[in-house]
Amino acid sequence: MKQMIVRCEPGSTQMALLEHGRLVEFAVERSEESGVVGSLFKGRVINVIPGMQAAFVDIGQKKNAFLYIDDVLHPHLEKQPKVKPSITELLKVGQELIVQVVKDALGTKGARVTTHYSLPGRWIVYMPISGYVAVSKRIERESERNRLRQLGEELRQEEEGLIIRTVAENEQAEAIEEDLEFLRTQWTAVLDRAGKVQVPALLHQDLSMVQRLMRDVYIPQSGELILDNKQQAEEAVSFLEGMLQGELPKVHEYKDDKPIFEAYGIQHQLNKDFQRKTWLPGGGYLIWDRTEALTVIDVNTGKFTGTDNLEDTVFQTNLEAAAEIARLLRLRDTGGIVIIDFIDMEIEEHRSRVLHMLEDKMRPDRTQHHILGWTKLGLLELTRKKMREGSGAHWDVCSVCQGTGRVKR
């Protein structure tokens, strides 16, 4: 059972995703941030830097966007030149082009953009110039993968590309074709607008945070959406009715006086799960330290005494920690390099089972990630794609200690 709980406040919207009553995702979208990642802009090249093989593009934001050469070359690897050209051969200062935001502005850096355009729908991702069909790796049955790949090849035209999403498994061909036609219409509208407006200009704004999550996460048979704003609830019903084609969405307006996050126990979980020190159910705890590109997590036994066997006590703590870390990475939306210092284990089978626990619990995470495994120092290393500021960025850092939180003796 999944519940999407949405709190609407002036200037911001907060979303909490519960699975069986446990908080697994949290996101905040402020009104000025709505629909930036995924949006398409008509921009102008401001600077071309051969030494970086990159360019900076004015898209009308506070900071110029960053465009790397790989995002300018053809999106199909087989159609790229064998020898990578200089960025100066592809882009000139003053040149106008359509770009799509793939990563928000973070810290001192502007947004990252690409010319590998993609428009996500319910069943597919439409790529107007990619020229290939791909099927989600999460669809495991080979017969179904072949059916969807063949269907994609039959539906796409000329240079079009398609990614068949996981939710398209066992879906009717007619529904996928309708999705494709809708996305084609969107792309045509983008091109029409690009020919009429002056740079910099927004050509297509991606869905709001709540709409994106309804599209990507909401499951009619086992999902429930609860909002504390009447207008937002009505808009959600309208959006889902169009997306689900006849199925009745489970959308409810929350009307009680008690704040919605308190009523569903979300505020308590947020306060607990975003601490530097996070307790595990069995009495162990995690210490969570973060820099701009690196997160380090330390596992400790804490109050957990376990059995008379030290190795078994350590193993049980590490298993608990692996499951909790997978949830917290998703909840905090942690991106970049992650190093986990599990408690040392002497038995190789225990190390293997802890790794498998982490892999299994991270499987539902929609954000691209790669678990690299154990290092020579006995640390576990993984990477998780960083698209936006992590959820923790929505808490203010203390202006006195800058988040260090230390008191001199």
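Calculation rules
Residues numbered from 1 in each chain as written. Predicted model: local features only at pLDDT ≥ 70, side-chain atom pairs only at ≥ 80, totals over all residues. Heavy atoms only, no water. Phe/Tyr/Trp six-rings, centres within 6.5 Å; stacked < 30°, edge-to-face > 60°. Helix = DSSP H or I, 4+ residues; strand = E, 2+ residues; numbered from the N terminus. Buried < 20%, exposed > 50% of the residue type's maximum accessible area, 1.4 Å probe, protein only. Lys NZ or Arg CZ within 6 Å of the ring centre and 35° of its normal. Salt bridge = Lys/Arg side-chain N within 4 Å of Asp/Glu carboxyl O. Pairing = 2+ DSSP bridges. Axes fitted to C-alpha atoms, helices over the stretch in contact; angles between N-to-C directions. Contact = heavy atoms within 4.5 Å. pLDDT = per-residue confidence, 0-100.

### What to know about the packing of aromatic side chains
Here is step 1: If you walk through the whole model with that rule in mind, you get seven aromatic pairs.
Here is step 2: Measuring from centroid to centroid gives 6.3 Å for Phe26 and Phe274, while their planes differ by 70 degrees, and the two rings are edge-to-face. Here Phe274 lies in the loop between α6 (266-273) and β16 (277-279) and Phe26 lies in strand β3 (residues 22-30), a separation of 248 residues in the sequence. Pair check on accessibility: Phe26 and Phe274 agree, each one buried.
Here is step 3: Counting every residue linked through ring pairs, the aromatic cluster contains Phe26, Phe261 and Phe274.
Here is step 4: Over the ring of Tyr285 we find Lys277; its NZ or CZ atom is 4.4 Å from the centre of that ring.

### A closer look at the pattern of salt bridges
Here is step 1: Tallying each qualifying case throughout the model produces 24 salt bridges.
Here is step 2: As a salt-bridge pair, Arg384 and Asp365 come within 2.7 Å of each other at their nearest N and O atoms. Highlighted residues: Arg384 in strand β21 (residues 380-384) and Asp365 in the loop between α8 (348-362) and β20 (369-374), separated in sequence by 19 residues. Side by side, Arg384 and Asp365 carry an identical accessibility label, which is buried.
Here is step 3: Through salt bridges with shared partners, a single ionic network connects Lys2, Glu19, Glu25, Arg330 and Arg366.

### With respect to the sheet that holds strand β15 (residues 251-253)
Here is step 1: Read from one edge of the open sheet, five strands run β3-β2-β1-β14-β15, paired in mixed fashion. Lying at the two open borders of the sheet, with one neighbouring strand each, are β3 and β15. Across the sheet, the axes of successive neighbouring strands diverge by a mean angle of 15 degrees, strand direction being ignored.
Here is step 2: In terms of strand pairing, strand β1 (residues 2-9) meets strand β14 (residues 223-227) through five bridges, oriented parallel. For Lys2, the partnering residue across the bridge sits in β14 and is Gly223.
Here is step 3: Packing of α6 onto the sheet brings it into contact with β1, β2 (12-19) and β3, and relative to β3 it is tilted by some 90 degrees.
Here is step 4: Its contacts with the sheet place helix α7 (residues 310-332) against β2 and β3, and it is angled at close to 15 degrees to β3.

### Regarding helix α3 (residues 209-216)
Here is step 1: Of all eight residues in α3, six are buried, a share of seventy percent or more.
Here is step 2: Along α3, the positions that sit buried rather than exposed are Met209, Val210, Arg212, Leu213, Met214 and Arg215.

### Details of the confidence of the model for the protein chain
Here is step 1: Looking at the protein chain as a whole, the pLDDT averages 87, with 89% of positions reaching at least 70.
Here is step 2: Ranking the elements of the protein chain by mean pLDDT puts α3 last with 78 and β21 first with 96.

### A closer look at unusual backbone geometry
Here is step 1: Between Val199 and the following residue, Pro200, the backbone shows a cis peptide bond with an omega angle of -10 degrees.
Here is step 2: Mapped onto the fold, Pro200 is located in the loop between α2 (173-194) and β13 (201-204).
Here is step 3: In this structure, His20 takes a positive phi of about 55 degrees despite not being glycine.
Here is step 4: Structurally, His20 is set in the loop between β2 and β3.
Here is step 5: By relative accessible area, His20 is classed as exposed at 69%.

### What about the sheet that holds strand β9 (residues 119-120)?
Here is step 1: With respect to topology, four strands assemble into an open sheet ordered β9-β10-β12-β11, the strand pairing being mixed. This sheet does not close on itself; its edge strands, each paired only once, are β9 and β11 (133-135).
Here is step 2: Where β9 and strand β10 (residues 124-127) come together, two bridges link them in antiparallel fashion. Its bridge partner being in β10, Pro120 is matched across the sheet by Val125.
Here is step 3: Across the sheet, helix α1 (residues 142-155) lies against β11 and β12 (161-164), angled at about 155 degrees from β11, the strand it touches most.
Here is step 4: In this fold α2 packs onto β9, β10 and β12, with an angle of close to 35 degrees to the strand it touches most, β10.

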